[in-house]
Each structure stands twice: as structure tokens, then as C-alpha cells.
There are 2 protein chains.
Amino acid sequence: MAETVCVVVDAMGGDNAPQEIVKGAVEAVNMNKDIHVILTGKQEPVEAELAKYTYDPEQITTVDCPEVIEMAEPPVAAIRTKKQSSLVVGMKMIRNKEADAIVSAGNTGALLVGGQTVVGRIKGVERTPTAPLIPTEKGIAILIDSGANVDPKPSYLVQYALMGSIYMEYVVGIKNPRVALLNIGAEEEKGNALVKATYPLLKELDGINFVGNIEARDIPHGLADVIVCDAFSGNIVLKLYEGAADTIIKAIKDGMMTNARSKLGGALVKPALKETLKAFDTSEYGGAPLLGCQGLVVKTHGSATANDIKNSVLQCVTFKQQGINDKIREHISRSDNQAEKENIDQ
Amino acid sequence: MAETVCVVVDAMGGDNAPQEIVKGAVEAVNMNKDIHVILTGKQEPVEAELAKYTYDPEQITTVDCPEVIEMAEPPVAAIRTKKQSSLVVGMKMIRNKEADAIVSAGNTGALLVGGQTVVGRIKGVERTPTAPLIPTEKGIAILIDSGANVDPKPSYLVQYALMGSIYMEYVVGIKNPRVALLNIGAEEEKGNALVKATYPLLKELDGINFVGNIEARDIPHGLADVIVCDAFSGNIVLKLYEGAADTIIKAIKDGMMTNARSKLGGALVKPALKETLKAFDTSEYGGAPLLGCQGLVVKTHGSATANDIKNSVLQCVTFKQQGINDKIREHISRSDNQAEKENIDQ
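Definitions and cut-offs
- Per chain, residue numbering runs from 1 following the sequence as it is written.
- All chains are assigned letters beginning at A, and all ligands numbers beginning at 1, according to the order in which they are written.
- Where totals are concerned, whole chains, interfaces and linings use all residues; where local detail is concerned, this predicted model gives features only for residues with pLDDT of at least 70, and gives and counts side-chain atom pairs only at 80 or more.
- The side-chain figures draw on all heavy atoms in the structure; neither hydrogens nor water molecules are used.
- Residue contacts are defined here by distance: any two heavy atoms, one from each residue, within 4.5 Å place the two residues in contact.
- A quick way to say it: buried area is the sum, across both parts, of accessible area lost when two parts are put together, with a 1.4 Å probe.
- Any carboxyl oxygen of Asp or Glu that lies within 4 Å of a side-chain nitrogen of Lys or Arg is treated as forming a salt bridge with it.
- Polar contacts here mean pairs of N or O atoms no more than 3.5 Å apart (in protein, one a potential hydrogen donor and the other a potential acceptor; neighbouring residues in sequence count only if both atoms are side-chain atoms).
- Each helix corresponds to a stretch of at least 4 residues labelled H or I by DSSP, and each strand to a stretch of at least 2 residues labelled E; elements are numbered beginning at the N terminus.
- For this classification, the nonpolar set comprises Ala, Val, Leu, Ile, Met, Phe, Trp, Tyr, Cys and Pro, the charged set comprises Asp, Glu, Lys and Arg, and every other residue, Gly included, is treated as polar.
- Per-residue accessibility, obtained with a 1.4 Å probe over protein chains only, is compared with the maximum for each type, and a residue is labelled buried under 20%, exposed over 50%, and partly exposed between these values.
- The copies are overlaid by a least-squares fit using only the C-alpha atoms of residues whose pLDDT is at least 70 in both copies.
- Two strands qualify as a pair provided DSSP detects at least 2 bridges between them.
- For every element, the axis is a line fit to its C-alpha atoms; helices are fit only across the contacting stretch, and the angle between N-to-C directions ranges from 0 to 180 degrees.
- Under the pairing criterion, centres of Phe, Tyr and Trp rings, with the six-membered ring standing for Trp, must be within 6.5 Å; the plane angle then separates stacked pairs below 30 degrees from edge-to-face pairs above 60, leaving the rest tilted.
- Placement of a positive charge over a ring is assigned whenever Lys NZ or Arg CZ falls within 6 Å of the ring centre and within 35 degrees of the normal to the ring plane.

(A) Broad picture of the interface of chain B and chain A. Tallying the contact residues gives 52 residues for chain B and 52 residues for chain A. A per-residue breakdown of the area chain B buries against chain A is headed by Ile184, Phe232 and Leu240 of chain B, which together make up 15% of the total. The tally of links from chain B across to chain A stands at four salt bridges. The partner of glutamate 215 of chain A in a salt bridge is lysine 239 of chain B, and the shortest N-O contact between them spans 2.3 Å. Put simply, chain B and chain A have 16 residue pairs in polar contact (both at pLDDT 80 or more) between them. Of all the elements in the fold, those that place two or more residues in the side of chain B that touches chain A are helix 7 (193–204), helix 8 (231–256) and helix 9 (260–278) of chain B. No other element matches helix 8 of chain B, which puts 21 residues into the side of chain B that touches chain A. Looking at the side of chain B that touches chain A residue by residue, the class counts come to 28 nonpolar, 14 polar and ten charged.

Here is the structure:
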């Protein structure tokens, strides 16, 4: 039997808490005997939900947390003042090595602030980016950063490249993942001040497979596995992906309803289309890890369902079993040494 | 009869030059008697193409330009050295008031540099953004800037808001267009340093209908008519729009080919889908104007067809007849006065 992985699940986070969250946690432990879930949240509703399901009681424990951080609360104040919230209690368990990871569908800002201040960063990591997996024609890619640091320094992006590369190789299983810098042209000299300063650093960086710039149009075509960018650009990509898919699918459905002929065609084509569109459903790929923290912090979207939570918990298992943070620690210190050596050489 | 609008068409620009370019120019003059097109380019191939069509010879003249700016040429050097190119000759005609507008499918960088240096800016305009029209669920929106200034100042974005608003109202015909700032959240305090500095300026600006921030996911839903952003972000939106649409449509087509049932359905649904997807074809909406220039500079994409060229030429007519540049001039000077007044008040 493999080592048990202990995952805190924030039972009060997200629009569908605690019902879907508890359900997802149960589904995860029922799929894998090596998981132990700690549900943090208000005792009564959490226990009431748990009572609906069958599972090995040794695999789930609950911790009563009387406070809840609401979705719209100012993050910094929430983390500081609500010490008894499901999120802060869970994060402290990671800091104290009582758990390996935390999954939350709650307030994103609070998760980011808590990840940096309560859980803490791996030594040498400058900033912790959020890094969701997005569907492409060829599989999935990691978009790093898509929510944490809107005005980053080039050195942050270098670390994103390293961490994203490790994640794709050892959690997702893509050998020698192609790392690309999001830019507005393929040529090295293109872009804004940030990417112009970052490009040469990535080009020189040992230990990654840097393939150059990627234009946004080529992201869906799957031309890179790790897409490195500032959080402002990454967030635009992430949200437009979602919005454009919605709009086009809606337009196609409407198109099928225009006349009797197309309605019949639509009915015939529906089952095959459903399969196709499933590939564009981001919830199949777990949540967005906040990379570079001690332990693992995973953010699922606010409207997360049981399936999102289950996949996010399973993702934590691979993360732990593959020793991702040890690999990040090692690569970050090696790249620091590389940078130092180059400074000495000059 | 309305006043004649004189449009230079760069016959040598783009992947399909001169065939599609000349064809598009002919189609435009055959649709509207008030257009005069000046085709700039190498005499022989241009005349050979023209000989294929029927049109009123008073509506098209040619100007022989022995030089051609290639698609991959460094823009600044190209504009400086190739004085006899179809692009530079055409742009000089605008500066000298011999023509009202120029349409080109050629080297984008050269067009941007030439727009600023050869054609020149309207007095008071700080930078000239490129502003393509993009399809949404509710019609079209203008994305300003999507290619010219990757690290703009907040004051540029204020002018983009004004110019985009005028364009949408008087060229596209949307009364009181909704102007939004592209951001990663709906709340005023969200975003990077640029948008945080820009938001309050737009909020205070007279003469526009500012509706606040827009997230990328809401662009396809049509929640704004004028989307104001830096060129790096705008370019990401523009290209991802294109890439995501391609990928999803391809996935749906593939989905229809999975079995006999879905193939039959696909055949039945095809004509209706074709109509639907036409709404997402950006070439229906003309090219991207480079706003704020003396005269009008319109960039169509490199693979422009006759239809793109025709629509771009027709767009120039509306632009001229609606006196867009006079309106820009007036609004820019008024907003300068507003800014000055506020400085004095403080």
C-alpha cells in the first residue's frame, strides 16, 4: 500500500457548499484507499451531508470551524480576522504538517493570500502562481500564471516555467513538456517590456524544453504544454476560452433549431457532440494548483460540483506521491545557482 | 450625389496580392458610385488584373510603384528606404490630401509605423491604436487597441475610449455605445497597474457611456460595444477568439464524423450551421482601422480576400461621410480642456 495522502477539503467554500463539496470528498475516498480527507467547516451541516453517503469512516474526519469566509469578502482582512474559518484552519494544518494539501472552491483572493501567508512559500520561490489546466486539441496545457500576480517581474516567470514544467511532467505525465512564453508574435523581439525581458532568461534556462513564443491563437491548437504569462494575460486567456466556447456552442445549437431539416440533424448528431464537448469541460481536469507553496493549495472554481472536488482531491494524491515540491525545491535552488554562476562568469 | 471618397488600395499588400486586392477594389466601386479607388502597385500585374473586370474607368486609377514592402521586412527600415513602395506612395497621398483613406493587407508593422510617421496623427492624439471589429452574440464590438501600443500610458486608453466610441456610434451605427475597460474582475479595484490608473480617468470622462470593467468571458456575450485595452491584451483576445473558434468548430465537425448516425445528422445540419458560423467570420466587418491618423488607415489581415478588401473600402466611405476625424478632433480637444480644467480646480 502506498503512503496515505491527507487532503483538507474546505467544506464551506463555493456556491454549492457544503452539499457538492462533501459529495466530492466521499467520491474521492471511495475511489482511492490511500486518501484521508479532513473536512473543515460547520459541524452540523457537514455531518448532515456525510450521513447521506457510504464510505470508510477511517478515511474522512471532520474539524468544526464556526467561521466562514464569504465569496465577496476582502481577502486580506478575511484571512487575518477569521482564524476559525474552514479555510484558515485547513491552511494551518498544512503549515503544521498535519495535512499535505487543501482543496477549496471558496474566495479566490483569500486562497491566494492564505497560500502565501498562512501556508507559506517553498524557500527560494518568489511568488506562487495559480496554474489551471486547459483543454486543447491535443490534450491539456497548464496556464501559469492565470490569477495571482498581475504585474510580475521576469524572474517570477522563469520560476513559473520551471514549476509548470515539473507539474506537467510528473502530475500530468507529459515527457519533456514544451514550455512557451505567451506573446503577440512568434519572433523573439516581439512583445511588451515584460516578455522582452523574460524571453532571453527562458532561452538560457537549464532543465526546461523552451520552444519560444506562443501566440494566443495557437493555445487551443495545443502547440505548447506549459504556457508562461503574467496573471492579467493568463486570466484573459482562461476566461475568454470559457466565454468563446459558450458562445460558439450556443450559436451552433441555435443554428440547429432554424428549420425542420436542421432540427432532425441536430437530434442525430447530439450524442456524438456531447462526447466532443466533454473534452472542453475544464472540470474534468481538477482544480488550479497554487504552485510553489509548502504543501499543495488547489483552487476549484466557485461553482464547483462534486466531480470538480473529486478530481481535485485525486490530483493532490499524484502531486504528493510524485514528490512535486521536492522537485520544485531542487530545481529552484539549481536555477538560483545557475544565475549566480552566470553572474560570476560575467 | 454625395461627395466622392477617394480610397488608396495597396495592390501589393498581403498573401493574395494583387489578384484578390484588385478584385475587391473593383467590387467596391461597382457597389458605390461615390468611390474613387487609387490602386498603388506594380503597373503591369495590376493592369493585367484590372483587365479581367468590368467597371467604370473613371472610378479606378492606378499609380505605378516599382517597390514592394515584403510581409517580413523590418517595418521602420522599410518605411524609410522604400519611398517608391505601394504603401509609402499611398500614405503620402493621404498626407498631401490627394486621398481620404488607405486600405492595405500588407506588413502590419510597416502600416503602423507609416500611419504614425508618413500619414501623421491628428493634433492632440497621443497614439494611434488598431481597432478591429469582432463578432459577439449581439452583433459586433470594437477592440481598441489590439496591435499598436503594447505598453501604453493610461492617457492613451482614455483617448482610445473616445475614438472607439465615436467609431461605433457613427460608422457602425450603435447609439450611445457601451465603453468597457478590459479587466480580470468586475470590481473597480481589480487589475494591474495600468487598468487601476485608467479606471478612474474613464469614470470621470465626459462624452462616453462608460459601463465599467469587462471580463474576457463577457466579450463574446456582447456586454460592451467598445473594449478598451493595451495592445498586448487586445492581441491575445483577438487571436484567441480566432483560435478557439477554429478549434471548437473543428471538434464539432470531427464529432459529427464519429458514426453513421452522426454523419447523417451532420449532413442535415450543415446548411444551417454555415449561416451561423458566418456570423463569426471577421472578414464580414471590414478591416481594422488605425484610429487617430490624419485620414484613415485600414489594415486587413494578411490573407485578405476580395470580400475583405471590398468591405474595408466601403467602411472608408462611411468614415469619411460621417466626418469621423472631425469628431475625434473635437472630442480630443474637449477632453484636453476637461483635464486642464480639473487640474486648475484642484
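(B) Representation of the pattern of salt bridges within the structure. All chains considered together, the criterion is met by 24 salt bridges over all chains. Between arginine 217 of chain B and glutamate 242 of chain A there is a salt bridge, and its shortest N-O distance comes to 3.0 Å. Remark: glutamate 242 of chain A occurs in helix 8 (residues 231–256) and arginine 217 of chain B occurs in the loop between strand 8 (209–214) and strand 9 (226–228); the pair is interchain, linking two chains. Using a relative accessible area of 26% as the deciding quantity, one classes arginine 217 of chain B as partly exposed. Glutamate 330 of chain B is the partner of arginine 334 of chain B in a salt bridge, and the nearest nitrogen-oxygen pair spans 2.8 Å. One end of the pair is arginine 334 of chain B and the other is glutamate 330 of chain B, both in helix 11 (residues 324–345) and four residues apart, which spans about a single turn.

(C) Quick look at helix 5 (residues 108–119) of chain B. All names here are of chain B. Three or more residues of helix 5 are buried, namely Ala110, Leu111, Leu112, Gly114, Gly115, Val118 and Val119. Two or three places before glycine 109, at the opening of helix 5, asparagine 107 has a side-chain oxygen 3.1 Å from that residue's backbone nitrogen. One or two positions beyond helix 5, positive phi appears at glycine 120, with a value near 90°.

(D) Structural detail: the relation of the copies chain B and chain A. For these two chains of identical sequence, chain B goes onto chain A by a turn of 180° and a shift of 0.0 Å along the axis, with RMSD 0.1 Å. On this basis, the relationship between the two copies can be described by a two-fold rotation axis. Judged by C-alpha distance, glycine 265 of chain B is the residue of chain B that lies nearest the rotation axis, at 1.9 Å. Both copies present the same face, since 100% of the interface residues in chain B are matched by interface residues at the equivalent positions in chain A.

(E) Region of interest: the sheet that holds strand 1 (residues 5–10) of chain A. All names here are of chain A. Taken in spatial order, the six strands make up an open sheet running 3-2-1-4-11-10, and their pairing is mixed. Where the open sheet ends on each side, the last strands, each with one partner, are strand 3 (60–64) and strand 10 (288–290). Averaged over neighbouring strand pairs, the angle between their axes works out to 25° when direction is ignored. In the sheet, strand 1 pairs with strand 4 (residues 101–104) via three bridges, with the strands oriented parallel. Bridge pairing in strand 4 places valine 8 opposite isoleucine 102. Strands strand 2 (35–41) and strand 3 of the sheet are contacted by helix 2 (residues 43–50), whose axis makes an angle of about 160° with strand 3. Of the strands in this sheet, strand 4, strand 10 and strand 11 (296–299) touch helix 5 (residues 108–119), which is tilted by about 175° from strand 11.

(F) Structural context of the side chain of asparagine 235 of chain B. In this fold, asparagine 235 of chain B is placed in helix 8. Note on asparagine 235 of chain B: relative accessible area 8%, which makes it buried. In this structure the side chain of asparagine 235 of chain B is engaged in a polar contact, spanning 2.8 Å, whose partner is the side chain of lysine 239 of chain B. Look past the residues within four positions of asparagine 235 of chain B in its chain and what remains in contact with it is Ile184 of chain A together with Ser146 and Gly147 of chain B.

(G) How the structure looks around the packing of aromatic side chains. One pass over the full model with this rule turns up four aromatic pairs over all chains. Measuring from centroid to centroid gives 6.1 Å for tyrosine 167 of chain A and phenylalanine 319 of chain A, while their planes differ by 45°, and the two rings are tilted. Residue tyrosine 167 of chain A is found in helix 6 (residues 154–172), and its partner phenylalanine 319 of chain A is found in helix 10 (residues 306–321); the two are separated by 152 residues along the sequence. Residue tyrosine 167 of chain A shares its accessibility class with phenylalanine 319 of chain A, and that shared class is buried. Between tyrosine 199 of chain B and phenylalanine 210 of chain B the ring centres are 5.3 Å apart and the planes differ by 75°, which places this aromatic pair in the edge-to-face class. Taken as a pair, tyrosine 199 of chain B in helix 7 and phenylalanine 210 of chain B in strand 8 lie far apart in primary sequence, eleven residues in all. Of the residues examined, tyrosine 199 of chain B reaches a relative accessible area of 10% and is grouped as buried. For the cation-ring pair, lysine 327 of chain A lies above tyrosine 170 of chain A, with the distance from its terminal atom to the ring centre recorded as 4.3 Å.

(H) Just the sheet that holds strand 7 (residues 178–182) of chain A, in detail. Residue and element names in this part refer to chain A. An order of 5-6-9-7-8 is seen for the five strands of this open sheet, with the pairing classed as mixed. Taken across any chain shown, the strands that pair with only one partner, and hence form the sheet edges, are strand 5 (133–136) and strand 8 (209–214). Mean inter-strand twist for the sheet, computed between neighbouring axes without regard to direction, equals 30°. Inspection of the sheet shows strand 6 (residues 139–144) paired to strand 9 (residues 226–228) by three bridges, in the parallel sense. Paired with leucine 143 across the two strands is isoleucine 227, which belongs to strand 9. Contacts from helix 8 reach strand 5, strand 6 and strand 7, with the element oriented near 50° to strand 5.

(I) Unusual backbone geometry, seen in detail. Between isoleucine 144 of chain A and the following residue, aspartate 145 of chain A, the backbone shows a cis peptide bond with an omega angle of 20°. Position of aspartate 145 of chain A among the secondary structure elements: in the loop between strand 6 and helix 6. The peptide bond linking alanine 17 of chain B to proline 18 of chain B adopts the cis configuration, its omega dihedral lying at -5°. For lysine 97 of chain B, which is not glycine, the phi dihedral falls at a positive 60°. The exposure class of lysine 97 of chain B is exposed, given its relative accessible area of 67%. With a phi close to 50°, asparagine 176 of chain B is a non-glycine residue in the positive phi region. Tracing the backbone shows asparagine 176 of chain B in the loop between helix 6 (154–172) and strand 7 (178–182).

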